[in-house]
Each structure stands twice: as C-alpha cells, then as structure tokens.
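Listed below, chain by chain, are the residues.
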Amino acid sequence: MSEQTADGTESVTDGEKRGGFPRFRHTPAGPDFGRFVEAMRRLQDLAVSTNVPDDVLADIATQAEELADRLTPYEVPEGKSPAGSNIQLPGRGSLLMLPWMVEKFDTEGVRSTGVFRRYHLGGNGAAHGGVLPLLFDDVFGMTVHAGGRPISRTGYLHINYRAITPLNTQLVIEGKVDRVEGRKTFVSARLTDLDGKLLADGEALMIELLPGQP
Ligand SMILES: CCCCC/C=C\C/C=C\C/C=C\C/C=C\CCCC(=O)SCCNC(=O)CCNC(=O)[C@H](O)C(C)(C)COP(=O)(O)OP(=O)(O)OC[C@H]1O[C@@H](n2cnc3c(N)ncnc32)[C@H](O)[C@@H]1OP(=O)(O)O
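Residues numbered from 1 in each chain as written. Predicted model: local features only at pLDDT ≥ 70, side-chain atom pairs only at ≥ 80, totals over all residues. Heavy atoms only, no water.

## A short note on the pattern of salt bridges
When the charged atoms of two side chains with opposite charge come close together, those side chains can pair.
Part 1 of the reasoning: Enumeration according to the criterion identifies 11 salt bridges in this entry.
Part 2 of the reasoning: In this structure, the salt-bridge partner of Glu108 is Lys104, at a minimum N-O distance of 3.9 Å.
Part 3 of the reasoning: Residue classification places Glu108 among the exposed residues on the basis of a relative accessible area of 63%.
Part 4 of the reasoning: Among the residues examined, Lys104 registers a relative accessible area of 22% and is labelled partly exposed.
Part 5 of the reasoning: A network of salt bridges, in which partner residues are shared, links Glu38, Asp45 and Arg117. (Salt bridge = Lys/Arg side-chain N within 4 Å of Asp/Glu carboxyl O. Buried < 20%, exposed > 50% of the residue type's maximum accessible area, 1.4 Å probe, protein only.)

Shown next, in the form of structure tokens:
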C-alpha cells in the first residue's frame, strides 16, 4: 500500500516493491538533521585538508570514535533513515551525495545547484573526475523519477569533461529525458557555471527493472 504525502513523495508500507527494488521511501528529517549532515560535511572537508600534530590527532580520533559509538545504536535498514529522501536538504540529506539543492523537479527535467567543496578536490584546484559521475548519476535518477518513469537502473553513463570544474564555485546541472524506448529511458545533462560556461555534459541509459530484479 502506498500514499502520496504533502510534498508529492510517496510513503509506503514495508515489503512493497517495484520490481525487486524497494519504493523510494520518505523518512522525514527532524529539525537538527540538516545541521548534523552539514557538520559531517565540514568534518569530511577538514579530514582531507588538515595536517594535525600527532598528540592532537590522538585526542580527535578518540572523539571521532566516541561519536561513532553514540550513533551506532540508531542504525536502521535502507529506507528508514532521513538520509537521501529529503529533497529540501542539500544532497537530499545524504552524505554520499553532492551537497546540492534541487531547484526544479518535474516532467521537463531536474535542475540542481551547488558547489564542489574541498572534500571533492582532485588536483590543482579542480574537482575530482570521479565525483562528476556521482552528480550526474544522481541527477539522472531524479530525472527519471521526476519524469514519471518506472524505477530504473543505470545501464551506462557517459561523461564528457569539457573544462576544469572548479571548487567553491556555484554551479548548475540540468537533466532531462531525451527519449523513451520501451524499458529504456535515455537521459542527458549539462553542468555549467553561472555564466553558462559548459564544464561537462553527459548522457545515460536508464533501464526499467523487471519484476524481481534487484
Ligand atoms: C519517496 C521520497 C522521495 C524523495 C526524494 C526525491 C527524489 C528522489 C528520487 C529518485 C531517486 C533519485 C535518485 C536515485 C539515485 C540514483 C539512481 C542511480 C541508479 C543507479 O546508479 S543503479 C546502479 C548502477 N547500475 C546497476 O547496478 C545496473 C546493473 N545492471 C543490471 O541490473 C541489469 O543490466 C539491468 C537490470 C539494468 C538490465 O538487465 P536486463 O537483463 O533486465 O536487461 P537487458 O540486458 O536485456 O537490457 C535491456 C535493454 O537495454 C539494453 N542495454 C542494457 N545495457 C546496455 C548498455 N550498457 N548499453 C546499451 N544498451 C544496453 C539492452 O540491449 C536491451 O535493449 P533492447 O531491449 O532494445 O534489446
């Protein structure tokens, strides 16, 4: 059984699946969840951008272990955490995702804006080439979902790196459905800066899952 929630997302009872894939569940974020995720993102940025003296680091490592110990009793299965389903938060509240905000989510496509941070550094001030496919894949997943297409998995994903993608610079990505052929949804997206300079573009094939496919 499923029902539409006020924000247009679906909430479902346990066990309901599309194909073998659980429905994308919405677990509302509490008032401090966004703050918590942003603090974790700051920690990620600092973990890759500091050089801490050993005696200080020993203490910090102990604190990090204590924090992890505090969180561990609250572990929940997939779909039961607010991480990933709260579209009003950067990266939908998922630490894995780029901390970008979805500004448009409809049948015409998806637009998301944000910055790559120090955590995403590749080399020489540019974003790591591996984080761009993460951004594109997530936008493609949302584009398929926003387009009302069935739950799909990425068959292939192709990225063209057109120019160096800077850190700490507001950027925009726009994704759209190009065409549908049976189970296959062909999607594309463009990553630009706010002056419209093209940094990367990409296309992907999203394939509708058959019943029972994980
Ligand atoms: C409720 C609250 C919501 C609030 C939040 C709001 C929004 C969030 C909304 C949505 C969620 C958003 C984001 C989700 C995030 C990201 C989505 C990412 C998705 C992924 O990241 S998922 C991981 C990577 N992905 C895989 O892990 C796939 C592994 N794989 C397989 O699981 C199988 O591969 C499968 C099942 C895909 C297909 O397998 P199969 O056996 O059923 O189908 P088959 O192979 O026959 O292919 C059928 C037709 O596709 C053609 N085809 C296939 N592959 C091709 C290729 N590479 N190139 C060209 N054509 C290809 C064939 O040629 C044939 O074409 P034709 O029918 O014309 O002959």
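## Overview of empty space enclosed by the protein
Part 1 of the reasoning: What the rule picks out here adds up to two cavities of 30 Å³ or more.
Part 2 of the reasoning: Taken as a whole, the largest cavity holds about 100 Å³ of empty space.
Part 3 of the reasoning: Around the largest cavity, the lining residues are Gly91, Arg92, Met97, Leu98, Trp100, Val102, Ser112, Leu135, Asp138, Val139 and Met142.
Part 4 of the reasoning: No other element matches the four residues that helix H3 (residues 131-146) contributes to the lining of the largest cavity.
Part 5 of the reasoning: Among the residues making up the lining of the largest cavity, the classes are represented as seven nonpolar, two polar and two charged.
Part 6 of the reasoning: Its volume calculated, the second largest cavity comes out at about 30 Å³. (1 Å grid on protein atoms, 1.4 Å probe; cavity = no way out; pocket = protein on both sides within 12 Å on 5 of 7 lines; lining within 4 Å. Points joined across faces, edges and corners; volume = space filled by probe spheres on them. Helix = DSSP H or I, 4+ residues; strand = E, 2+ residues; numbered from the N terminus. Nonpolar A, V, L, I, M, F, W, Y, C, P; charged D, E, K, R; others polar.)

## Description of the side chain of Asp201
Part 1 of the reasoning: As for its position among the elements, Asp201 is in strand S10 (residues 198-208).
Part 2 of the reasoning: Take Asp201: its relative accessible area is 14%, and that puts it in the buried class.
Part 3 of the reasoning: Separated by 3.1 Å, the side chains of Asp201 and Arg162 make a polar contact.
Part 4 of the reasoning: Those residues in contact with Asp201 that sit more than four places away from it in its chain are Phe136, His158, Ile159, Asn160, Arg162, Ala189 and Arg190. (Polar contact = N/O pair within 3.5 Å; in protein donor to acceptor, adjacent residues only side chain to side chain. Contact = heavy atoms within 4.5 Å.)

## So, the packing of aromatic side chains
Part 1 of the reasoning: Counted under the stated rule, the structure contains three aromatic pairs.
Part 2 of the reasoning: Ring geometry for Phe33 versus Phe36: centroids 6.1 Å apart, planes at 45°, classification tilted. Here Phe36 and Phe33 lie together in helix H1 (residues 33-47), a separation of three residues that amounts to about one turn.
Part 3 of the reasoning: The buried category is assigned to Phe33, whose relative accessible area is 17%. (Phe/Tyr/Trp six-rings, centres within 6.5 Å; stacked < 30°, edge-to-face > 60°.)

## Topic: the layout of surface pockets
Part 1 of the reasoning: By volume, the second largest pocket is sized at about 620 Å³.
Part 2 of the reasoning: At the level of elements, H1 and helix H2 (54-71) are the ones that each hand at least two residues to the lining of the second largest pocket.
Part 3 of the reasoning: A breakdown of the residues in the lining of the second largest pocket according to their chemical character gives 12 nonpolar, four polar and two charged.

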